[in-house]
Structure formats: C-alpha cells, structure tokens
Amino acid sequence: MRRMNFTDTQVATSETARGINRGIVLNLIRRRQPISRADLARVSGLQRSTVSLITEQLIREKWVIYGPTGRLPRGRRPTFLRLNDKRAILVVDLRPEITTFAVSDVNGRFLSQQGIPTPSSPDAATDRFAKKIVEMVEGHPGLIFEGIGISVPGRFDESRQRVVFAPNLKWPEFDLRGPLEKATGIPVELENAANACVLAEVWFGHAEKTRDMAVITISEGLGVGIFSDGRLVRGAKGMAGEFGHVPLDLEGPRCSCGGRGCWEVYASNRAALRYYHESSATANGPSFQDLLSLGESGDSLALKALDRMAHAIGRGTRMVVAGIAPEEIVFVGEFTRMWKRLAPVIEAEVAASALVGSPPRVRPAAAEPSDARLGGSVALVLQRHFGPSAAGEGRHKLVSSRRAEAIVQ
Ligand SMILES: [Zn+2]
C-alpha cells in the first residue's frame, strides 16, 4: 500500500516529484544492491521507463555503476546496479579533547581514520582541520569526495550558520562551515552529534520501522536527538533536545552551561568520574575508559560510580519519554560497553515512566560509540542527495531517507 506524506507531496511540482523518485531509486539501490532495473521498477512501483531515465542519470553522475551481470535460467542476463564506492565522504567527529577524521565510502564503510587533539579555539581549529582534511583527501587520489560531514558537541543554528551552544567545548559561537568550505573547496554539512546519530540510525537501516525515536548521546556532556513522526526535529535555533540542561536540583553541582544541577552533571562520563573520586579520594583519577575497565574487572568503587551514572541516565530519560513519547530510545556512548550490567537500571526507570501502554524499547546504538558519531557525519552528507526531495529543496533542509521508503511501502 502507498502511504503518502501529504505535507511533503501536496505542493509537489514536477521537479520535486523527480527529486522524490530519484531519492526512492537511489535508496532502493543502496539497500538492495546489486539490483536490476526490473526489480527497481517492481519494488518501487515506478514505471520501467521512469526507472531507466533515473538510473541513466545516476550512472552519468557516477553515483551508480553496473554491478555483476546476473544469470537467469533462460536467455536474458539482467544488468545489476550498485552504488559507486569510489564516491567518498570526509567525516569529522569534533569532541572536546580529540577530533577524529575519517574517510568513508557511500556505503558507510570507513577506509581510514585518524585522531588529533582538539585545538583550543575555533580559528585554530579551522586552520588545523583544513590542513588535515586536504591531507586526507590527497591521500585517497582515486576517490571522488562528495562532501565533508561534521558532528559537533553543540547545536547548529541554520538561520545564522553558527554553532550556538557548545558548553563542553568552551568555544564562543562559531562558524566552521564557511571557512572550511573556502579552504577545502568541498561542501560542508554540520550538525549536533545527537542529531547526526539519529540520522545514522535512520540512514544505515537500524531504525527502519521506527518513526518516533530518541537518540541519547552520553560522553563529556549529554545530548538528545529527536526523530518524531519520521523527521528530525531541530527546533528554533536548532536547540531542540537540550534535555541535558534541564536542572534536576537547583542546589546541585555547577554545570558547564552556567546553571546548576542539570541532568548532564549527574549522567555524563564526567559525573561518573566525580562519583568515583568522591568515594576513592584519589587526586589523579582514571579516565572514563579506565573507569570502565576497572568496572569490567569487578572493582567495587568503579561499579558503584557507574551504577550511580546509570540511575541518573534512567531518571532523566523519563523526561525524554514524557516529552516526546518515543517508540525506541537508542543510547550512544562509551558506557554502553557495560550495557549488560547497566541496562537493567535504565530499563527499570524507563518502564516506570510509561503512562499508557508498554514503555519504549531501549537499546545501545548498533555501531560502536565513535563509529556511531562518524556514521552520523556520513549520513549528514548523503541525506542531501538521497533524501527524496533533495533535488527540490534547500540544501540545509534535513530530509530523512525513510521518507522515501515511507512513500513506496
Ligand atoms: Zn547545564
């Protein structure tokens, strides 16, 4: 059955219809490659002639190439199509201490990856990042770079093209996109890390059946990305999802945002380290990775600190459940290494938060935390081309790939 999203299609011009069809075809190739034109027509419900026109264009643009030739029992040998894995994306995961650069192909496979210490100011970062990007692009001369995707520990205000809220980075408002596009000559897409992780879940197929989802990223800080009714929610100034800075205790510890007792100061990696220091009285404590290793080896103080963190994660997640009613909540963060131990604490809080019916499903991201954020940066670039209305709308409009699927299912 065809489910149409009327807000998308009621103003459809022939150009947006072409864009929608192109997105449908490109996504079907991505998900089912290698696939023949006949199967593309059958699965999409589009006319054979429309599929041929679109695939010819995609082949001319080098998005799609001929795959292996199939064999049928009798006679004809259909030609299969697949994505051109020589098309690449340069991705960046900007975090307060380390910034990771990676080269990914269009299927989200990472070809190389490098980390550098994060510079202390936006200006220094622009110079350093531009050099690193150019170096990595030059290191892969056989690839066609489609764009640069950057996930940031802050919120991106599209109307002003600035990262406006990055308390853990301690940088003032900044524009990374303009200067990096100028320095590298490659288009840049930039987004909050939690939002990027939403796109990764949607894009790489782990959330195919979910139209209402929250992704909670927990690292130095805590961010929430909201996918509601099949769309990424950005809100005014890109600030939707800042549950991490809702104060739970006005007398609580000071938060990086300037407030006190925010959810983040109880549930982040930094909170777990604080809990550990309070009970172990060590001056030079471990890193969060060390704390996890201690926990895995059965260290009781480390486990106590991590359990407190999990309780705080679960408690705050109740706000997310009440606020946006997700079907599924996905966690991204190093703490998911100990998911088996920590999940029951979080699940119990989430179960208690259901006011009607069963509580939302809770799970860790399908990818490792660092890969989940990088995957989000890949999705940022790809969704510009693969989103069904990519050809007909402004470049910054976030379009989920699932909309294409929703239309053809
Ligand atoms: Zn705060």
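Engineer: Talk me through the overall build of the chain; I want residue IDs and the actual numbers.
Structural biologist: The helix and strand tally for the chain stands at 14 helices and 15 strands. Counting the 409 residues in the chain, one finds 55% classified as buried. When the accessible surface of the chain is summed, it comes to about 17800 Å², and 52% of that surface belongs to carbon and sulfur atoms.

Engineer: Provide a residue-level description of the pattern of salt bridges, including the pertinent values.
Structural biologist: In this structure the tally under the stated criterion is 26 salt bridges. Close ionic contact of Glu 158 with Arg 234 constitutes a salt bridge, the shortest N to O distance being 3.6 Å. Here Arg 234 lies in the loop between β13 (231-233) and α8 (263-267) and Glu 158 lies in the loop between β8 (155-157) and β9 (162-165), a separation of 76 residues in the sequence. Here Arg 211 makes a salt bridge to Asp 229, at a shortest N to O gap of 3.5 Å. A residue pair is termed long-range when its members are at least 10 positions apart, and Arg 211 in the loop between α7 (193-203) and β11 (213-218) and Asp 229 in the loop between β12 (222-228) and β13 qualify at 18 residues. Exposure remark for Arg 211: the relative accessible area of 22% places this residue in the partly exposed category. Residues participating in the shared-partner salt-bridge network are Arg 82, Asp 85, Asp 105 and Arg 109.

Engineer: A description of the sheet that holds strand β10 (residues 188-192) should follow, citing residues and the corresponding values.
Structural biologist: Taken in spatial order, the 5 strands of this open sheet run β6-β5-β4-β7-β10, and their pairing is mixed. Looking at the sheet topology across the chains shown, the edges are occupied by β6 (110-117) and β10. Looking at each pair of strands side by side, their axes are set apart by 20° on average, direction ignored. Taken together, the 7 bridges between strand β4 (residues 87-94) and strand β7 (residues 144-152) define a ladder with parallel strand orientation. In the sheet register, Leu 90 faces β7, and the bridge partner there is Ile 148. Each of β7 and β10 is contacted by helix α6 (residues 177-184), which is oriented at about 150° to β10, the strand it contacts most.

Engineer: Run through the coordination of the zinc ion, naming residues and quoting values.
Structural biologist: The coordination sphere of the zinc ion, as far as protein atoms go, consists of His 245 (ND1), Cys 255 (SG), Cys 257 (SG) and Cys 262 (SG), spread over 2.0 to 2.3 Å. The site at the zinc ion holds 4 donor atoms, and with the angles between them running 103 to 125°, its shape is tetrahedral. Each donor residue of the zinc ion lies on the same chain, and together they follow the pattern H-x9-C-x1-C-x4-C. A residue is classified by how much of its surface remains accessible, and Cys 257, at 33% relative accessible area, is partly exposed. Judged by its relative accessible area of 2%, Cys 262 falls in the buried class.

Engineer: Run through the sheet that holds β12, naming residues and quoting values.
Structural biologist: Strand order in the open sheet made by the 5 strands is β13-β12-β11-β14-β15, with mixed pairing throughout. In this open sheet, the two edge strands, each paired with only one partner strand, are β13 and β15 (361-364). Each adjacent strand pair in this sheet contributes to an overall mean axis angle of 25°, direction not counted.

Engineer: Outline the nonpolar core, listing residues and values.
Structural biologist: Ile 216, Val 224, Phe 288, Leu 306, Phe 331, Phe 335 and Ile 346 are the most contacted members of the largest nonpolar core, which has 43 residues in total. Of all the elements in the fold, those that place two or more residues in this core are β11, β12, α8, α9 (269-280), α10 (288-296), α11 (300-324), β14 (328-332) and α12 (339-353). Listed in part, the 40 residues of the second largest apolar core include Leu 46, Leu 58, Trp 63 and Val 64.

Engineer: Just give me the short version of unusual backbone geometry, but keep the residues and values in it.
Structural biologist: The omega angle of the peptide bond from Gln 33 to Pro 34 is -5°, so this bond is cis rather than trans. For Pro 34, the location among the structural elements is in the loop between α2 (14-32) and β1 (35-36). Residue Asp 229 is not a glycine yet carries a positive backbone phi of 50°.

Engineer: Describe the side chain of Ser 219, listing the residues and the values that go with them.
Structural biologist: With respect to the secondary-structure elements, Ser 219 resides in the loop between β11 and β12. Look at Ser 219 and you get buried, because its relative accessible area is 7%. Discounting residues that sit within four places of it in the chain, Ser 219 has contacts with Arg 95, Ser 268, Asn 269, Arg 270, Glu 334 and Arg 373.

Engineer: Outline the environment of Arg 82, listing residues and values.
Structural biologist: Position of Arg 82 relative to the elements: it lies in strand β3 (residues 79-83). Judged by its relative accessible area of 27%, Arg 82 falls in the partly exposed class. Each C-alpha atom of the pair Arg 82 and Arg 32 lies 8.5 Å from the other, and the pair is 50 residues apart in sequence. In this view, Arg 82 contacts Ile 29, Gln 33, Trp 63, Val 64, Ile 65, Tyr 66 and Gly 67; residues no more than four positions away in its chain are not counted.

Engineer: Any chance you could break down the confidence of the model for the chain for me, citing the residues and the numbers?
Structural biologist: Taken as a whole, the chain shows an average pLDDT of 86; of its residues, 86% reach a score of 70 or greater. The secondary-structure element of the chain with the lowest mean pLDDT is helix α14 (residues 401-408), recorded at 35, while α8 shows the highest, at 98. Note on residues 1-12: pLDDT under 50 across the span, and 18 contacts to partners over four residues away in sequence or across chains. Confidence over residues 388-409 falls short of pLDDT 50; this stretch has 76 contacts with residues more than four positions distant or in other chains.

The rules we used
- Residues numbered from 1 in each chain as written.
- Predicted model: local features only at pLDDT ≥ 70, side-chain atom pairs only at ≥ 80, totals over all residues.
- Heavy atoms only, no water.
- Helix = DSSP H or I, 4+ residues; strand = E, 2+ residues; numbered from the N terminus.
- Buried < 20%, exposed > 50% of the residue type's maximum accessible area, 1.4 Å probe, protein only.
- Areas by Shrake-Rupley, 256 points an atom, 1.4 Å probe, with all protein chains shown as cover.
- Salt bridge = Lys/Arg side-chain N within 4 Å of Asp/Glu carboxyl O.
- Pairing = 2+ DSSP bridges.
- Axes fitted to C-alpha atoms, helices over the stretch in contact; angles between N-to-C directions.
- Contact = heavy atoms within 4.5 Å.
- Donors = N, O, S within 2.8 Å, 3.2 Å for Na, K, Ca; no water.
- Tetrahedral: all angles 85-135°; square planar, octahedral: opposite > 155°, others 65-115°.
- Core = buried A, V, L, I, M, F, W, Y, C linked by side-chain atoms within 4.5 Å.
- pLDDT = per-residue confidence, 0-100.

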